[in-house]
Amino acid sequence: MDLPRPELALVPRPRRLSPRPGRFRIDRTTRLRVAPGAEAAAGLLRTYLAPVTGLRLEHADDAAFVLALDPLLTGLGEEGYGLTVGLHGVLLRAARPTGLLRGVQTVRQLLPYQAPVRPDGDGVDLPGVEITDVPAYPWRGMLLDVARHFQPVSYLRRFVDLMALHKLNVLHLHLTDDQGWRMPVAAYPRLTEIGGRRERSMAGPAGSGRFDSRPHGGTYTRAELTGLVAFAAARGVTVVPEVGVPGHVRAALAAHPELGNHPERRLDVWTHWGVCPNVLGVGDHVLDFFRTVLDEVMDVFPSPYLHIGGDECPTDEWEESPAAIARASREGLEGPRALHGWFMGRIADHVVRAGRRPVAWAENGTALPPECTVMSWRTPEHAWAAARRGHDVIHADHRSTYFDYARAPGPEEPLAQPGHVLDLRTAYGVELTAPPAEPALAERVLGAQGQLWTEFVTTPEHIEYLTYPRLCALAERVWDADGDWPDFRARLTGHEARLDALGVPHDTLPQRPATPTHAPV
Ligand code: TNX
């Protein structure tokens, strides 16, 4: 497309945008008129503007830059907003506070990319524009796996802030897995004391048999996680924690062998990648243990949704365990394999009773209770099958949303998850639209999310190299479902200048820190 002005290269593309003549200068005379309910958005705007302009942007009742909240604005929903920038003023309006937060990110993108720090308060210009904007889907997420490789909360904040720049609104925090348990649980300190550290890590792909010789570990404090939740909320991002059962639990088994199918066996925190054969036992004490864990998780994370795992759970241990076989028959199940659905059902019930909504990885949802939201990761067809069964679904089709696959073929790319290459076009092509013959299924789609599994990803630079610009593509499709690839490509060139200014290594994997020396907005 012909960009009327490069600074209008917004990602995701607003639903309606028309350039207007003129520009609005934000300088030392600028004040904000902050309507009741718009305080959080004003705070966020100041957070972004202060480092660039040196301005404090105090409140004034007669200010030309207005943040207004009007519940009667129809059609904007929870997250929509309207933005008008003209020579004499700026008006940002929304029906709900979250809509204002989305609008603030648009203002942030409209600012000059390489705005110098101006302690003298000379100011910066916003281009004249008229925008009305509403997202297509309410779940626009990104998973970060901090279990395989830990990242400190300081980095998670940056990750969240970059998501918010793209109007994503869910950080799916993958907190536990075979290779690490990162969430402290007061009742069971061994989970992090033992489960938070492994002796070494497989250096090649799953099954390679090659290892490094470096211990890896890390755990969060409760205060850090609570702080992250608040930081994310200030940007309109919900942190959805994942504590997975009944597979992907080797770190928990290392800390608490009594949770396993062989309570007498001592296992280490797993040092391999791939699907671990060890899974939870099915005794009442195991369910009670995880109910206690989840209660604490729900205490720390106010999110309405809670992810309870459910993926890749080999049933071999149950099929060989007299206790599991007996449990299956007591519960009237067909056999020990059916314990997976039964286990998920018990845990999902607990979450529902606590007033939250369980999310689980699944193909078609066959084994899950209907109250589970299905995160479908194999093929889009599985998502439609789950939707037909009445589940809400989130698209996480691995071929278009697993950003741990290489960005491009060829030996120059760093070691990535083998099996597929996921280029930018493929990320943009994520399937969201219901089959034409079944338009009603569309109502079941909450949205989609990208996943960054971190078996081979140890540094923030590498995280960002794999995430950007593929996240930009996904973010655009979940915001504006129809998409327009050539138009996106054209805007992305301008948008990448923004990423550069933020120190995001979207182009090459550098050996230098991704964090910029100063903090552009
Ligand atoms: C599958 S899909 C996994 C993860 C791995 C990932 C690697 C799913 C829910 N589980 O445990 O990290 O593949 O791409």
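Residues numbered from 1 in each chain as written. Predicted model: local features only at pLDDT ≥ 70, side-chain atom pairs only at ≥ 80, totals over all residues. Heavy atoms only, no water.

Novice: It is not clear to me how the pairing of strand β16 (residues 373-376) should be interpreted in this structure. Could you clarify?
Specialist: Where a strand is regular, its side chains alternate between the two sheet faces. The two faces of β16 match: Thr373 and Met375 on one face and Val374 and Ser376 on the other face are all buried. By the bridge criterion, four bridges tie strand β15 (residues 357-362) to β16 in an arrangement that is parallel. Bridged to Trp361 within β16 is Met375. By the bridge criterion, three bridges tie β16 to strand β17 (residues 393-395) in an arrangement that is parallel. Each residue of the ladder has a partner; that of Met375, found in β17, is Ile394. Each parallel crossover has a hand, and the one from β16 via helix α11 (residues 380-388) to β17 is right-handed. (Buried < 20%, exposed > 50% of the residue type's maximum accessible area, 1.4 Å probe, protein only. Helix = DSSP H or I, 4+ residues; strand = E, 2+ residues; numbered from the N terminus. Pairing = 2+ DSSP bridges. Right-handed = clockwise from strand over helix to strand, strands pointing away.)

Novice: It is not clear to me how the packing of helix α3 (residues 153-165) against helix α5 (residues 222-233) should be interpreted in this structure. Could you clarify?
Specialist: Helix-helix packing is characterised by the crossing angle of the two axes and by the distance between the axes. Running from N to C, α3 and α5 point in directions that differ by 15 degrees, and their axes come no closer than 10 Å. On the basis of the axis angle, α3 is roughly parallel to α5. Crossing hand, α3 versus α5: right-handed. Two secondary-structure elements touch here, α3 through Val153, Leu156, Arg157, Val160 and Asp161 and α5 through Glu224, Gly227, Leu228, Phe231 and Ala232. Here the residues of the contact of α3 with α5 are counted per class, giving six nonpolar, one polar and three charged. (Axes fitted to C-alpha atoms, helices over the stretch in contact; angles between N-to-C directions. Parallel < 35°, antiparallel > 145°, perpendicular 65-115°, else oblique. Left-handed = near helix turned anticlockwise from the far one by under 90°. Contact = heavy atoms within 4.5 Å. Nonpolar A, V, L, I, M, F, W, Y, C, P; charged D, E, K, R; others polar.)

Novice: What exactly am I supposed to notice about the packing of aromatic side chains here?
Specialist: The description of an aromatic ring pair rests on the distance of the ring centres and on the angle between the ring planes. Under the definition given, this model contains 16 aromatic pairs. Relative to Phe159, the ring of Tyr155 lies with its centre 6.2 Å away and its plane at 55 degrees, an arrangement referred to as tilted. Residue Tyr155 and its partner Phe159 are located together in helix α3, separated by four residues, close to a single helical turn. Using a relative accessible area of 6% as the deciding quantity, one classes Tyr155 as buried. Exposure remark for Phe159: the relative accessible area of 2% places this residue in the buried category. When the centroid spacing of 6.4 Å and the interplanar angle of 55 degrees are considered together, the rings of Trp181 and Phe290 count as tilted. Taken as a pair, Trp181 in strand β10 (residues 180-181) and Phe290 in helix α7 (residues 284-300) lie far apart in primary sequence, 109 residues in all. The burial state of Trp181 is the same as that of Phe290; both residues are buried. An aromatic cluster is defined as three or more aromatic residues linked by ring pairs; in this entry it consists of Trp361, Trp377, Tyr402, Tyr405 and Trp453. (Phe/Tyr/Trp six-rings, centres within 6.5 Å; stacked < 30°, edge-to-face > 60°.)

Novice: Looking at this structure, I do not really get the sheet that holds strand β6 (residues 124-133). What am I missing?
Specialist: Sheet strands associate in pairs through backbone hydrogen bonding, adopting either a parallel or an antiparallel arrangement. With respect to topology, six strands assemble into an open sheet ordered β1-β6-β4-β5-β3-β2, the strand pairing being mixed. Every other strand in the sheet has two partners, leaving β1 (16-26) and β2 (32-34) as the edge strands with one partner each. Strand-to-strand, the axes of this sheet are offset by a mean angle of 20 degrees, without reference to chain direction. Of the pairings in the sheet, the one linking β2 to strand β3 (residues 65-69) comprises three bridges and is parallel in character. Across the sheet, Leu32 pairs through a bridge with Phe65, a residue of β3.

Novice: What is the right way to look at the nonpolar core in this model?
Specialist: If you look at soluble globular proteins, the nonpolar side chains tend to sit buried side by side. In terms of nonpolar packing, the biggest core is built from 123 residues, with Leu171, Trp181 and Phe290 touching the most fellow members. Counting residues in each nonpolar core, the second largest holds 35 residues, with Leu49, Val90, Leu110 and Trp479 among its members. (Core = buried A, V, L, I, M, F, W, Y, C linked by side-chain atoms within 4.5 Å.)

Novice: Where do I start with empty space enclosed by the protein in this structure?
Specialist: Remark: the empty space left among the atoms is shown by a probe the size of a water molecule rolled over them. Inspection of every chain in the model, using the stated rule, returns two cavities of 30 Å³ or more. Taken as a whole, the second largest cavity holds about 40 Å³ of empty space. Contributing to the lining of the second largest cavity are Leu253, Pro257, Gly260, Asn261, His262, Arg265 and Leu267. (1 Å grid on protein atoms, 1.4 Å probe; cavity = no way out; pocket = protein on both sides within 12 Å on 5 of 7 lines; lining within 4 Å. Points joined across faces, edges and corners; volume = space filled by probe spheres on them.)

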